[in-house]
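The residues making up each chain are set out below.
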Amino acid sequence: MILQALKQYSERIEGLPPYGFNREQIKYRLVINLDGSFCGIMPCEEHERIEVPINPSAGKTGIDPKPSFLWGSTEYIFGIMPQKKYKHPEKRGKFAQELFWKLNKEVLNTIEDEAANAVLKFSEKVDEIFEDNKEELKKAGDDKCLLVLNNKGEIEYIQDRKVIREAWLKYLKQPEKEEGKKKRKTGKKSNNIAFCLVNGQRSKIARLHKPKIVGVGKKPGPNSPAYLVAFDDDAFCSYGRTPNDRGMNAPVSEEAVAAYTAALNYLLDFKNGQTIR
């Protein structure tokens, strides 16, 4: 009932990011032209948070990189990994770049749109673009960068286009594909479509209840977030479930998770005047 109440409350809060999107602190904008050529790199305003696509299914980074749609660090977009961060940075960088563009192409290839076509054209010559603009792009380091469009002299956020948002949501609602570490560990796929305990509909079930709730970790504060609901150990498996099926023994849809976590984080944010501590 608590999760249901939080989901209902989220529908009454103005300005909350919808399912599949979140406000992230983006440091740079990578500007591309309609023909896919590189226009330049623009810094964002300090502490600026931009509504960007997020994948609720993506777990923590680790053995397998977790790319984002239309944004990420130069490590993902251009495949440049810090020398000190990984044992084989070139191999790791190439792998991360392949995953990033695989995700973006999978979403954008389903639609006919000039902004989508510009990104796809950019992806075809991304290595050449990096070589020609190496010094400028290296300034971004591993900070978050967002691909934006130079549309006849005006900077446009590609993710704000209706057709782009619809394509992204369609992608999110597909049954999850088991790849990388989990698939190698179990050797089989796991169907994550079931009835959601919050909305009562057959939906794609969240394995992790992201984003985390801010200020409820061991050390209260914005830098100590924690999950409100989590199944992260074999002891929580039952009825033939495996560690790969985490979240399925108490199924809550990704849309419901996005709603209740957004509502609870809103309530816990001091600036909204809803918290007393």
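Definitions and limits used
- Residues numbered from 1 in each chain as written.
- Predicted model: local features only at pLDDT ≥ 70, side-chain atom pairs only at ≥ 80, totals over all residues.
- Heavy atoms only, no water.
- Core = buried A, V, L, I, M, F, W, Y, C linked by side-chain atoms within 4.5 Å.
- Buried < 20%, exposed > 50% of the residue type's maximum accessible area, 1.4 Å probe, protein only.
- Contact = heavy atoms within 4.5 Å.
- Helix = DSSP H or I, 4+ residues; strand = E, 2+ residues; numbered from the N terminus.
- Polar contact = N/O pair within 3.5 Å; in protein donor to acceptor, adjacent residues only side chain to side chain.
- Salt bridge = Lys/Arg side-chain N within 4 Å of Asp/Glu carboxyl O.
- Disulfide = S-S within 2.5 Å.
- Arc of directions from axis to C-beta.
- Pairing = 2+ DSSP bridges.
- pLDDT = per-residue confidence, 0-100.
- Phe/Tyr/Trp six-rings, centres within 6.5 Å; stacked < 30°, edge-to-face > 60°.
- Lys NZ or Arg CZ within 6 Å of the ring centre and 35° of its normal.

**Details of the nonpolar core**
Counting residues in hydrophobic clusters, the biggest one holds 38 residues, and the most contacted among them are Leu-30, Phe-78 and Phe-122. In contact with Leu-30, not counting residues within four places along its chain, are Phe-38, Gly-40, Ile-41, Ile-77, Phe-78, Leu-137, Cys-145, Leu-146, Leu-147 and Val-148. By size, the runner-up hydrophobic cluster in this structure holds 13 residues, among which are Leu-6, Cys-196, Val-257 and Ala-263.

**A few points about helix H4 (residues 114-124)**
Three or four residues apart is the spacing at which side chains of an α-helix point the same way, because the helix has 3.6 residues per turn. Every buried residue belonging to H4 is among Ala-115, Ala-116, Ala-118, Val-119, Leu-120, Phe-122 and Ser-123, and all of these are buried. Sitting at the amino-terminal end of H4 is Asp-113, which places a side-chain oxygen 2.9 Å from the backbone nitrogen of Ala-115.

**A closer look at the environment of Ser-10**
Tracing the backbone shows Ser-10 in helix H1 (residues 2-10). As for Ser-10 and Ala-256, which are separated by 246 residues in sequence, their C-alpha atoms are 9.9 Å apart. Excluding its chain neighbours within four sequence positions, the residues that come into contact with Ser-10 are Leu-16, Ala-259 and Ala-263.

**Concerning unusual backbone geometry**
A positive phi angle is found at Leu-70, which is not glycine, with a value near 75°. You can see Leu-70 is positioned in the loop between strand S4 (49-53) and strand S5 (71-72). Overall, Leu-70 belongs to the buried group, its relative accessible area being 0%. Even without glycine at this site, Lys-152 takes up a positive phi of about 55°.

**Focus on the pattern of salt bridges**
Counting across every chain of the model gives 10 salt bridges. Salt-bridge contacts for Lys-134 lead to Glu-131; the nearest nitrogen and oxygen are separated by 3.2 Å. We note a salt bridge from Arg-161 to Glu-156, for which the minimum N-O separation is 2.5 Å. Classification of Arg-161 by relative accessible area gives buried; the value is 14%. Members of the salt-bridge network, linked through shared partners, are Asp-113, Glu-114, Glu-156 and Arg-161.

**Focus: the state of the cysteines**
Summed over the entire model, instances satisfying the criterion amount to zero disulfides. In this structure Cys-44 is a free cysteine whose sulfur lies 8.6 Å from that of Cys-145, the closest cysteine sulfur available.

**A word on helix H7 (residues 162-172)**
Turning to H7, its buried residues are Ile-164, Arg-165, Ala-167, Trp-168 and Leu-172. Projection of H7 onto a plane perpendicular to its axis shows the buried side chains occupying an angular sector of 160°, all on one side. Across from the buried face of H7, at angles greater than 90 degrees, the exposed residues are Lys-162 and Lys-170.

**Focus: the pairing of strand S2 (residues 28-33)**
The side chains of a regular strand alternate between both faces of the sheet. Taking burial as the measure, the six residues of S2 include six buried ones, the bulk of the element. Alternating residues of S2 divide into Tyr-28, Leu-30 and Ile-32 and Arg-29, Val-31 and Asn-33, and every residue in both groups is buried. Following S2, the chain reverses through four residues before pairing antiparallel with strand S3 (residues 38-43); Gly-36 in that reversal takes a positive phi of roughly 85°. Summarising the sheet, S2 and strand S6 (residues 145-151) pair through six bridges and their orientation is parallel. Along S6, the bridge assignment pairs Asn-33 with Asn-150.

**Examining the confidence of the model for the protein chain**
When pLDDT drops low, the exact placement of atoms in the prediction is not to be read closely. Taken over all residues, the pLDDT of the protein chain has a mean of 82, while the share at 70 or more is 79%. Element-level pLDDT for the protein chain is lowest in helix H8 (residues 180-186), with a mean of 45, against a maximum mean of 96 in H4. Scored below 50 in pLDDT, residues 179-188 shows 15 contacts in the model against residues more than four places distant or in partner chains.

**Side note on the packing of aromatic side chains**
One pass over the structure, following the stated rule, counts seven aromatic pairs. Between Phe-78 and Phe-130 the ring centres are 5.6 Å apart and the planes differ by 35°, which places this aromatic pair in the tilted class. Of this pair, Phe-78 sits in the loop between helix H2 (74-77) and helix H3 (89-108) while Phe-130 sits in helix H5 (residues 126-132), and the two are 52 residues apart along the sequence. Its relative accessible area of 3% is what places Phe-78 among the buried residues. For the pair Phe-100 and Trp-101, a centre-to-centre distance of 4.9 Å together with 90° between the ring planes defines the contact as edge-to-face. Classification of Phe-100 by relative accessible area gives buried; the value is 0%. An aromatic cluster of three or more residues is present, and its members are Phe-78, Phe-100, Trp-101, Phe-122 and Phe-130. Stacked on the ring of Phe-21, the Lys or Arg Arg-165 has its end atom at 3.9 Å from the ring centre. Above the face of the Phe-195 ring, Arg-202 is positioned so that its terminal group lies 5.6 Å from the ring centre.

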